[in-house]
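Here's the letter readout for the chains.
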Amino acid sequence: MRDALRLLEGEGLVRLVPNSGAWVSALNMDELEEVYRIREALEPLLLGLSLPHLAEGIGERLILLAHEMESAGVEDFLRLDREFHHGTYHPEAAPTLHAMVERLWNRTESYRRAFVRHVGIESLVQTHAEHHLLADAVIRRDRSAAETLLRLHIRRTRVELAQHPEGFQELGTG
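Parameters and conventions
Residues numbered from 1 in each chain as written. Predicted model: local features only at pLDDT ≥ 70, side-chain atom pairs only at ≥ 80, totals over all residues. Heavy atoms only, no water. Helix = DSSP H or I, 4+ residues; strand = E, 2+ residues; numbered from the N terminus. Contact = heavy atoms within 4.5 Å. Areas by Shrake-Rupley, 256 points an atom, 1.4 Å probe, with all protein chains shown as cover. pLDDT = per-residue confidence, 0-100. Axes fitted to C-alpha atoms, helices over the stretch in contact; angles between N-to-C directions. Parallel < 35°, antiparallel > 145°, perpendicular 65-115°, else oblique. Left-handed = near helix turned anticlockwise from the far one by under 90°. Nonpolar A, V, L, I, M, F, W, Y, C, P; charged D, E, K, R; others polar. Core = buried A, V, L, I, M, F, W, Y, C linked by side-chain atoms within 4.5 Å. Buried < 20%, exposed > 50% of the residue type's maximum accessible area, 1.4 Å probe, protein only. Expected span 1.5 Å × (residues − 1). Bend = angle between axes of the 7 residues up to and from the residue. Arc of directions from axis to C-beta. Phe/Tyr/Trp six-rings, centres within 6.5 Å; stacked < 30°, edge-to-face > 60°. Lys NZ or Arg CZ within 6 Å of the ring centre and 35° of its normal. Salt bridge = Lys/Arg side-chain N within 4 Å of Asp/Glu carboxyl O.

**Describing the overall build of the protein**
(1) Moving on: Counting its regular elements, the protein contains eight helices and two strands.
(2) Moving on: Listed by position from the N terminus, the elements making up the protein come as α-β-β-α-α-α-α-α-α-α.
(3) Moving on: In the protein, of all internal contacts separated by at least 6 residues, the share reaching a separation of at least 24 is 75%.
(4) Moving on: In the form shown here, the protein has an accessible surface area of approximately 9000 Å², with 57% of it arising from carbon and sulfur atoms.

This is the structure in structure tokens:
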């Protein structure tokens with residue numbers, strides 16, 4: 001249990017307080033801004049490096065996931081969204097970068113959950129459209145388009161999250 005908590009602490013997901021216990025890390029706007037800006041820089045790079053290594057049928061899988069997200073509830077949407085994006089990243093293309101992106105995704109999961117619950121799953125029309133465009137760029141193996149689309153997708157998410165800090169307070173965090 002201690003090892004698991006230390007791993008979570010290393011990911012920034014919990015704070016370990018001596019003689020008090022483990023506490024879930026609070027959400028805050030400064031961290032959101034910083035982590036999402038890092039994702040904007042790193043994830044398009046990982047996607048671009050991964051494209052030549054992706055299996056031939058990945059595009060069809062991405063389209064299927066994009067369609068499934070359109071009718072999913074919050075938790076299923078979050079799971080499918082993660083599967084979609086991680087399906088475009090190949091660990092062997094850049095192992096260190098892949099591990100960094102994985103940590104950043106883990107760190108931002110609470111922000112995405114808070115946002116989707118606050119604005120409602122039905123408000124994600126633009127997100128769905130971006131997923132379809134990204135799937136198309138991956139199918140075409142268009143590195144420039146895929147990187148640009150992903151960068152804009154992450155940036156728009158960051159901006160929308162920053163416009164709805166009340167969603168975090170509703171959850172009793174930051």
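**Topic: the confidence of the model for the protein**
(1) Moving on: Taken residue by residue, the protein gives an average pLDDT of 85. The fraction at 70 or more is 79%.
(2) Moving on: Confidence over residues 170-174 falls short of pLDDT 50; this stretch has seven contacts with residues more than four positions distant or in other chains.

**A closer look at the packing of helix H4 (residues 74-86) against helix H6 (residues 125-140)**
(1) Moving on: Between H4 and H6, the least distance of the axes is 12 Å, while the angle of their chain directions is 25°. Overall, the two elements H4 and H6 adopt an arrangement that is roughly parallel. Of the two possible hands of crossing, H4 and H6 adopt the one that is left-handed. On H6, the residues touching Phe77, Asp81, Phe84 and His85 of H4 are Thr127, His128, His131, Leu134 and Ala135.
(2) Moving on: Partitioning the contact of H4 with H6 into residue classes produces four nonpolar, four polar and one charged.

**Quick look at the nonpolar core**
(1) Moving on: The biggest cluster of nonpolar side chains holds 37 residues, and the ones touching the most others in it are Leu47, Phe77, Phe84, Tyr89, Val101 and Val138.
(2) Moving on: Within the residue set of this core, elements represented by two or more residues are helix H2 (29-50), helix H3 (58-70), H4, helix H5 (95-119), H6 and helix H7 (143-162).
(3) Moving on: Excluding its chain neighbours within four sequence positions, the residues that come into contact with Phe84 are Leu62, Leu65, Ala66, Met69, His131, Leu134 and Ala135.

**Some points on H5**
(1) Moving on: An ideal rise of 1.5 Å per residue puts 36 Å on 25 residues; H5 measures up with 35 Å between its terminal C-alpha atoms.
(2) Moving on: Most pronounced at Thr108, the bend in H5 amounts to some 40°.
(3) Moving on: Taken from the residues just after H5, Gly120 is the one with a positive phi, measuring 90°.

**What about H3?**
(1) Moving on: Here H3 contains 13 residues, and its C-alpha end-to-end distance of 19 Å stays within 8% of the 18 Å for a straight helix at 1.5 Å per residue.
(2) Moving on: Along H3, the residues classified as buried are Ile58, Gly59, Leu62, Leu65, Ala66 and Met69. Summarising the axial view, the buried residues of H3 lie within an arc of 120°, below the 170-degree limit, and thus occupy one face.
(3) Moving on: Tucked inside the fold, the buried residues of H3 contact H4 and H6.

**Points about the packing of aromatic side chains**
(1) Moving on: Going through the model one piece at a time under the given rule, you end up with zero aromatic pairs.
(2) Moving on: The side chain of Arg39 reaches across the aromatic face of Trp105, ending 4.7 Å from its centre.

**Here we look at the pattern of salt bridges**
(1) Moving on: One pass over the structure, following the stated rule, counts 19 salt bridges.
(2) Moving on: Note that Arg39 and Glu43 form a salt bridge whose closest N and O atoms lie 2.3 Å from each other. Of this pair, Arg39 and Glu43 both sit in helix H2, separated by four residues, roughly a single helical turn. Grouping residues by exposure puts Arg39 and Glu43 together as buried.
(3) Moving on: Its salt-bridge partner being Glu83, residue Arg61 comes within 2.5 Å of it at the nearest N-O pair. You can see Arg61 sitting in helix H3 and its partner Glu83 sitting in helix H4, a full 22 residues away along the chain.
(4) Moving on: Using a relative accessible area of 33% as the deciding quantity, one classes Arg61 as partly exposed.
(5) Moving on: A relative accessible area of 32% means that Glu83 is categorised as partly exposed.
(6) Moving on: Salt bridges linked by common partners bring Glu75, Arg82, Glu102, Glu109, Arg112, Arg113 and Arg117 together as one network.

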